Amino acid sequence: MAEHLAAKCYNNLLLTLLFIISSLMTLALSEDEYDGLYTLNVEHSFSSGEEAVFSKRGVITLHSLKSGTAEFFTDFELSDTQRQQLKELAANDGVYRLRVGRVSTDENSVNYLYSFVKACALVESRLSDVITVHVDHSGSLIGISVTTTAPWCSGRLPAVGDLQDFNTTVEVQQSVTGPIPETQAYIQRLEMEKQQAKGQQVDNRSFFAKYWMYLVPLVIFIMIVQNADQGAQGGGGGRG
Amino acid sequence: MNTLDFSIIFQFAILLFDRNIQCLYEDQAGTFDWRQQYVGRAQFVEYIQGGQSGTRIIVGTEQNVVAAINGKNGQIGWRQVLEKGPSGHINDLKVSGNYVVTVSAGGEHIRCFNAISGSLHWESSIPGALPSHPATIQIHGSDLVAVLSYDRIVAYNIEAGNELWSLALTDSTKVKYSYLAFSEEVLYAVGISDRSHVSLNSVRLDGTEKTSRSVAAVWIASDNKCSILKGSHLICVDKNSGILQILSLANGVNFAPLVLQDVKVDYNKVSFPNLQLLGDPHSPAVIAVEVGDQEYVLVAVENGMARVVKHLPKVAALQVMGMGEQWLLLTARRSDNTDVLNVFGSDLLTGSPVHELSHSLKYPIHHGNPQRLYGTLSKLRDGSSGLSLLTCGEDHSLVLLTHSGKALWTREEALASILSVEMVDLPVSQIMAKMEDEFGTNDNILQMFLKRFSTQLSQLWTFALQLKHRLRIPRQHHAGGSISETERMSEEDSDDDEGLDETYLTRDEFNLHKIIVVVTGPGKVFGLDSNTGVSIWKTFYPSLGTFHRIDRDVLLLFVQRTTAHFPHQPVCTVLGKDKVSGLPIMFSFHPITGLPSESAPSEGRRLNYKIVNAVMLTQMDEHFLHPIVVMDSEKKFHVYPQSDVDLVKQFSASLFVFTTDIETGIITGYGVELDKKQQLIGNPLWTVDTNRNLQAITKVVTKRALEHVHSQGIVLEDRSVQYKYLNPNLIAVLTEGEEAQQKASAFFSVYLIDGVTGNLVFHCTHKKSKGPIQLMHSENWIVYNYWNQKQRRMELAVLELYEGTRQSNATAFTSFHPPPPPIVMRQAYIFPGHISALATTITEKGITSKQLLFALETGGVLGLPKLLIDPRRPEVLSQEAREEGLVPYLPELPRPADHIINYHQSVFNIHGIHTAPAGLESTSLVLCYGLDLFYTRVMPSKMFDVLKEDFDYFFISSVLIGMIVVSVITQRLAVRKALNRAWK
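Residues numbered from 1 in each chain as written. Chains lettered and ligands numbered in written order. Predicted model: local features only at pLDDT ≥ 70, side-chain atom pairs only at ≥ 80, totals over all residues. Heavy atoms only, no water.

Student: What is the right way to read unusual backbone geometry from this model?
Tutor: Where the residue is not glycine, phi is negative for most of them; where a peptide bond is considered, it is trans in most cases. All names here are of chain B. The peptide bond linking Tyr640 to Pro641 adopts the cis configuration, its omega dihedral lying at -5°. Summarising the element assignment, Pro641 is placed in the loop between β47 (637-640) and α5 (645-650). Phi is positive for Lys635, which is not a glycine, with a value near 65°. Its location among the elements puts Lys635 in the loop between β46 (628-632) and β47. Of note, the phi angle at Lys768 is positive, near 50°, even though the residue is not glycine. On the secondary structure map, Lys768 appears in the loop between β56 (760-767) and β57 (769-778). Relative accessible area serves as the criterion here: at 35%, Lys768 is assigned to the partly exposed category. (Helix = DSSP H or I, 4+ residues; strand = E, 2+ residues; numbered from the N terminus. Buried < 20%, exposed > 50% of the residue type's maximum accessible area, 1.4 Å probe, protein only.)

Student: Would you mind showing me how to read the state of the cysteines here?
Tutor: A covalent bond between the sulfur atoms of two cysteines is referred to as a disulfide. Residue and element names in this part refer to chain B. Applying the stated rule across the entire model yields 1 disulfide over all chains. Bridging Cys226 to Cys236, the disulfide has an S-S length of 2.1 Å. Residues Cys226 and Cys236 share a disulfide whose torsion about the S-S bond is about 110°; that sign makes it right-handed. In this pair, Cys226 is assigned in strand β18 (residues 226-229) and Cys236 in strand β19 (residues 233-237), connecting sequence segments 10 residues apart. With relative accessibility at 8%, the residue Cys226 sits in the buried group. (Disulfide = S-S within 2.5 Å.)

Student: Honestly, the sheet that holds β56(B) in this entry has me stumped. Any pointers?
Tutor: Strand order in this open sheet of 5 strands is β9(A)-β56(B)-β55(B)-β54(B)-β51(B), and the pairing throughout is mixed. The open sheet has two free edges, formed respectively by β9 (176-177) of chain A together with β51 (695-702) of chain B, since each of these has just one partner strand. Examined bridge by bridge, strand β54 (residues 730-738) of chain B and strand β55 (residues 746-754) of chain B share 9 bridges and lie antiparallel to one another. Bridge pairing in β55(B) places B:Leu734 opposite B:Val750. (Pairing = 2+ DSSP bridges.)

Student: Could you clarify how one ought to interpret the sheet that holds strand β4 (residues 95-102) of chain A in this entry?
Tutor: Strand pairing in a sheet relies on backbone hydrogen bonds. The paired strands run either parallel or antiparallel. Residue and element names in this part refer to chain A. Spatially, 5 strands are ordered β3-β2-β1-β4-β5 in an open sheet, and the strand pairing comes out antiparallel. What marks the edges here is a single partner per strand, and that holds for β3 (69-73) and β5 (112-118). Strand after strand, the sheet turns through a mean of 25° between neighbouring axes, direction not considered. When strand β2 (residues 55-64) meets β3, the two strands line up antiparallel, connected through 5 bridges. Bridging from a neighbouring strand, Ile60 pairs with Phe72 of β3. (Axes fitted to C-alpha atoms, helices over the stretch in contact; angles between N-to-C directions.)

Student: What exactly am I supposed to notice about the side chain of B:Thr659 here?
Tutor: Tracing the backbone through its elements, the reader meets B:Thr659 in strand β48 (residues 656-661). Residues within four places of B:Thr659 in sequence aside, it is in contact with B:Val612, B:Asn613, B:Met631, B:Ile666, B:Ile667, B:Thr668 and B:Tyr670. (Contact = heavy atoms within 4.5 Å.)

Next up, the structure:
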């Protein structure tokens with residue numbers, strides 16, 4: 001009977017443990033899921049001004065803020081007219097604008113963040129661009145920046161046919177923690193120095209134990225000198 | 001390579017110099033620095049007549065200062081600076097005998113000062129006081145002080161400072177108690193309940209409540225302005241109808257209305273009829289009702305009935321004063337746009353004029369209209385009475401005028417609220433200008449020769465004159481520390497007639513002498529002499545109001561043209577908004593003379609749109625003028641002067657502006673384009689959202705436009721170069737917020753944004769830290785201080801940006817093709833003290849190492865070398881680091897007393913430090929401004945380009961001459977010897 005009870009208790013304990021572990025796992029999973037659900041719509045425009053028309057270009061999915069991984073998904077293809085527009089824009093030193101909006105259930109409250117890049121740079125880099133998504137410490141979006149792989153606008157535009165599809169890379173940058181005074185490291189260093197100094201000072205050996213290497217030669221030297229004196233005196237006596 | 005080597009050696013030399021102590025000798029104090037102390041705009045003025053220490057004027061000011069001003073010379077007898085901000089805001093000030101009692105922050109601080117010495121006699125606090133609810137004081141007899149706070153009356157003994165009694169008031173959540181008065185042996189506390197009633201509480205002197213009743217008043221608003229007349233009648237103005245309502249405190253059941261007949265309240269000019277209590281408790285019960293701009297109605301109350309005594313149109317300020325048995329009314333107004341103030345005296349009750357009080361006094365136009373008058377009479381030798389009149393001007397000035405017609409002293413208190421500072425070079429002397437003129441023209445040789453000959457002849461002539469002058473008068477030293485500001489003012493007044501020496505206002509050898517143009521809160525602009533601090537000119541723009549941005553008032557000051565472009569005159573422009581209409585207004589003036597610029601209208605250029613951003617272009621037009629580009633709320637751009645539109649259009653492709661919306665927390669960048677009508681219009685390019693619901697933008701700091709950076713990188717010990725990330729378009733944005741989960745946990749973030757492309761270069765967050773934060777942005781580094789909530793200490797952080805060991809573009813930086821994201825080195829330190837302002841030195845070429853200037857709350861201005869605030873400071877000092885001259889990391893920054901640049905000349909409530917380069921590379925000019933002003937020169941790397949004062953010219957030249965003589969003699973001897981040898 002007692003054994004049975006103990007077994008039951010054990011079982012119960014196991015069950016609770018299992019429950020805790022599973023709940024923890026779901027929590028972790030849900031967090032992961034939350035990260036994965038962070039999706040941003042990317043739209044672009046080839047015209048300027050307030051009433052510019054933006055069309056869809058793709059979707060950015062942020063996987064994890066900590067590791068900074070994100071992916072860019074698109075089924076968008078550049079149409080011939082858009083290609084021509086981009087070419088014209090590049091020739092006129094215009095800007096190619098991009099905006100992202102967080103996908104939310106309430107369509108009206110979408111707050112877009114804008115960025116831009118010189119159209120010529122985009123064309124010259126053959127539509128390769130890097131979108132950096134900046135996220136603050138709480139995980140909300142602050143801004144985006146777009147850079148192209150071509151560092152300069154050289155003025156040599158590639159042919160329209162060369163402009164195929166966008167080659168987009170997405171990077172995520174989260175706010176880092178600001179510096180703090182490194183008191184801990186400093187105190188550790190001080191203590192280490194102190195210990196080093198201590199290690200040198202602590203020497204409890206006796207006087208002879210410490211300085212025998214100086215004393216022994218001294219004694220030997222004195223003995224030799226005395227012997228020599230005696231020998232010299234003897235020699236002197238011999239002569240006289 | 002040669003220059004690089006040179007710079008390495010140079011940097012090494014600078015590092016070595018930095019180890020030296022930087023301080024002054026005792027006799028150097030005040031030779032090139034000066035301090036001026038101010039009290040601020042007087043809110044409360046009380047006279048203490050006679051006595052051993054003469055007439056003293058006790059003032060309580062908007063800048064939270066209680067001070068005593070000597071009536072004879074206008075100097076500060078004593079000054080007590082109370083807490084900064086709302087917790088030190090003086091609600092009321094009363095004087096009784098030798099004591100000055102003040103109440104601050106709704107009763108949080110009640111203080112009693114000794115009126116003669118200024119020492120704190122006692123201090124108390126009322127629990128449950130609300131800083132938003134102003135408290136009032138009344139003094140009964142010579143010992144009882146009653147203070148009315150949000151929900152109670154507390155009485156103190158004025159001698160001992162002990163609390164006698166405290167009485168809680170009923171219903172204080174609904175009723176706003178704000179009026180307190182003694183009537184013989186009864187104390188009345190009056191409260192207003194919005195749109196409902198007035199509560200009257202009467203209390204006996206021992207603290208027991210006598211009666212408590214309420215009188216219906218549906219018309220009354222909680223922001224209504226009322227007064228208690230002579231402790232017997234409450235008088236209020238009905239906001240809507242302008243009808244005066246009077247109630248007897250002792251037994252009044254209803255308010256008795258008084259319609260101001262024949263008087264129309266001009267609501268366009270005054271938003272609300274103001275009440276001004278006149279006279280003292282012994283004078284007849286009279287009140288002045290301000291019904292329009294400079295228009296008053298005088299109302300007397302007798303036996304509970306009010307009547308209009310007089311209608312006073314065109315009166316700037318008025319006062320009632322006693323002369324023997326008679327009560328007199330004193331009124332003052334400026335006669336149209338002249339320097340004359342007309343003062344009229346008349347009998348208060350009969351209205352008959354009193355001629356001995358009617359004067360025309362000199363009151364310079366730059367004081368604006370007098371706002372308040374405090375007249376006193378003194379018996380003269382011939383038996384007549386002499387009037388001395390203290391006026392508080394529109395420009396915050398305090399002027400003591402005497403019956404002789406001259407000002408005894410003037411205090412320019414506007415200088416306690418400086419908003420913008422620029423240091424402008426003085427023009428070169430005319431001869432020098434002529435010399436330079438020579439190179440610009442294409443005359444023939446003979447003309448050029450004649451010109452050169454005549455200029456050099458006149459140069460010689462002026463030199464002779466100067467020499468003669470110098471021999472005749474030993475050089476006067478303007479010892480800044482020993483001359484107080486009021487003495488300077490009187491000195492300057494006497495100078496007015498003579499006119500300043502023409503050669504005085506010309507550039508000196510090292511361009512150390514400048515004109516400091518300061519723009520102040522009340523709209524007064526000064527040109528200060530940097531050598532002495534004396535104002536060379538001052539102009540008051542009555543219509544110039546301030547913009548309000550984030551947490552402070554702003555007036556923009558641009559130096560559109562410097563003095564370097566002779567014969568074109570220099571131009572400064574101040575941009576503010578009209579006090580009445582709220583629309584932007586611009587004034588242009590000559591920074592050396594203060595006269596309005598010829599090209600701009602003297603009454604100011606009014607802009608009829610809402611302004612969003614204003615920038616000065618770095619490009620110049622053909623007249624060497626930098627145009628100002630203003631962006632309005634409809635994103636249209638306007639250019640001033642308008643003739644420069646084509647220039648702006650030409651550069652529009654490279655013109656980018658950004659705006660920060662504090663309400664939404666969104667920063668938007670714009671490019672400039674031409675619309676269909678060929679007008680400049682903003683094209684939104686980028687946005688950054690700082691998330692307003694979590695944090696608010698508190699600071700946006702750009703780099704200074706005129707900053708030069710000499711070295712592009714730092715040389716490491718292995719002879720490779722770490723290049724600096726020198727992005728001139730970089731802006732630092734500071735946001736502060738509170739953590740959502742924990743209420744007491746604040747945080748702040750720093751964002752570094754490229755102002756052209758909107759790219760976020762770097763962003764970091766400090767948790768459990770809060771402001772007030774000062775941020776400084778220079779070269780490739782950002783320094784800011786903050787309060788660490790967890791450790792409870794002040795900390796200082798530094799961010800330094802480096803491109804790395806390769807520079808992507810050595811010729812010019814462009815934001816469109818930025819280098820790869822910079823390496824951000826960062827470090828933080830514990831700062832021993834509280835910082836109220838932060839700045840860095842700036843020099844002509846940027847070769848001199850930088851010094852960081854910290855204005856401390858304790859009154860010192862600390863100068864620390866940048867070397868100590870360097871994120872490369874290693875934790876363990878390696879051999880390489882030692883070779884580079886890096887200082888090992890210590891968590892706490894030192895605060896050596898010999899680095900306090902203002903030695904014992906403490907300055908308080910400093911809210912800004914302006915630095916400017918001098919002609920000497922080693923020297924930077926510093927002006928610290930706030931309640932006090934302090935100006936000095938700093939040499940961050942010591943004076944490496946000037947010989948020391950104690951340089952031994954005699955020794956060096958005698959050695960030199962000796963050497964020459966010896967070499968000549970030895971040569972002779974050698975020749976002779978050679979000849980002799982040849983003969984042998």
